[in-house]
Amino acid sequence: LDLHTHATFADGTLTPGELVARAARRSGAVLALTDHDDTGGLEAARAAAAEHHIRLIDGVEISVTWHGQTLHVVGLGVDPSDSALQAGLAATRGGRADRAGKIIAALEALGITGSRDGAQRYASNPQLIGRTHFARFLVGQGVVKDIKTAFKRFLGGGQPCYVPHQWATLGAAVSWINGSGGAAVLAHP
C-alpha cells in the first residue's frame, strides 16, 4: 500500500506505467499516483494497474501556501475530470513555470548556464519544472555531489537561487479536492 507516489508527470523518475509495474514487482496491492499539481499520468497508471491487478487510487499532490509556509496536500480519490480541480491545478502549474524562469535567471547570474534545457531533460512534463529538476541538473553538471547539496547551496530557502512562491491557499486546495469527491491529507508533515 502506497498512497503518495510520483511519476514523470511531476518529479518522479518512472513513467506511470513503470511505477505501477514496480509496485506489482514489490507485491503492491494498492497504489495512489499523486503527482504534483497534475493528474495527467492517471490514465496510463490506470491501464497499467488493470494489467498488474493493482488497485489504483486517483490522486494529486497540491502545493499550497499556509501562513507563509509551503505545504503539500495530497488528494486521494479525486475525480480527475472535475473542472474546478483542473482549473486550480492549471493555475498552480502556471506559477511553477514563472518560478522556473526566475531560477534559470538566478543560476545564469552565478555563471551556471544551460539550466533551462538541463532541467527540462529531467522533467517529462514541461509545465512542471521544479526545484528537484534543477537539482538533478546541478548534480549532472558536477556542480554539486547530490540533490541534498544542491538545495543546501543553491535552491533551498535563503540560498542564491531560491525563489519564494505564493501557491494556492490551503482552503482552495482542500475545496478543489473535496469538490472532486476526494479526501485531503497533509503530505509529509
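In case you missed it, the structure is sitting above this.
Thresholds, definitions, all that
Residues numbered from 1 in each chain as written. Predicted model: local features only at pLDDT ≥ 70, side-chain atom pairs only at ≥ 80, totals over all residues. Heavy atoms only, no water. Axes fitted to C-alpha atoms, helices over the stretch in contact; angles between N-to-C directions. Helix = DSSP H or I, 4+ residues; strand = E, 2+ residues; numbered from the N terminus. Parallel < 35°, antiparallel > 145°, perpendicular 65-115°, else oblique. Left-handed = near helix turned anticlockwise from the far one by under 90°. Contact = heavy atoms within 4.5 Å. Nonpolar A, V, L, I, M, F, W, Y, C, P; charged D, E, K, R; others polar. Salt bridge = Lys/Arg side-chain N within 4 Å of Asp/Glu carboxyl O.

What follows is about the packing of helix 1 (residues 16-25) against helix 2 (residues 42-52). Packed helices, taken two at a time, are described by the angle between their axes plus the distance between the axes. Between helix 1 and helix 2, the shortest axis-to-axis distance is 8 Å and the interhelical angle comes to 30 degrees. Relative to helix 2, the element helix 1 is oriented roughly parallel. For the crossing formed where helix 1 meets helix 2, the hand is right-handed. Residues P16, G17, V20, A21 and A24 of helix 1 form the contact with helix 2, whose own contacting residues are A44, A45, A48, A49 and H52. Counted by class, the contact of helix 1 with helix 2 contains 8 nonpolar, 2 polar and no charged residues.

What follows concerns the pattern of salt bridges. A complete count under the given rule lists 3 salt bridges for this structure. Put simply, R93 and D38 hold a salt bridge, and the shortest N to O gap is 3.9 Å. You can see R93 sitting in helix 3 (residues 83-109) and its partner D38 sitting in the loop between strand 2 (30-33) and helix 2, a full 55 residues away along the chain.

Interpretation note: all reported values are geometric properties and have no functional meaning in isolation.
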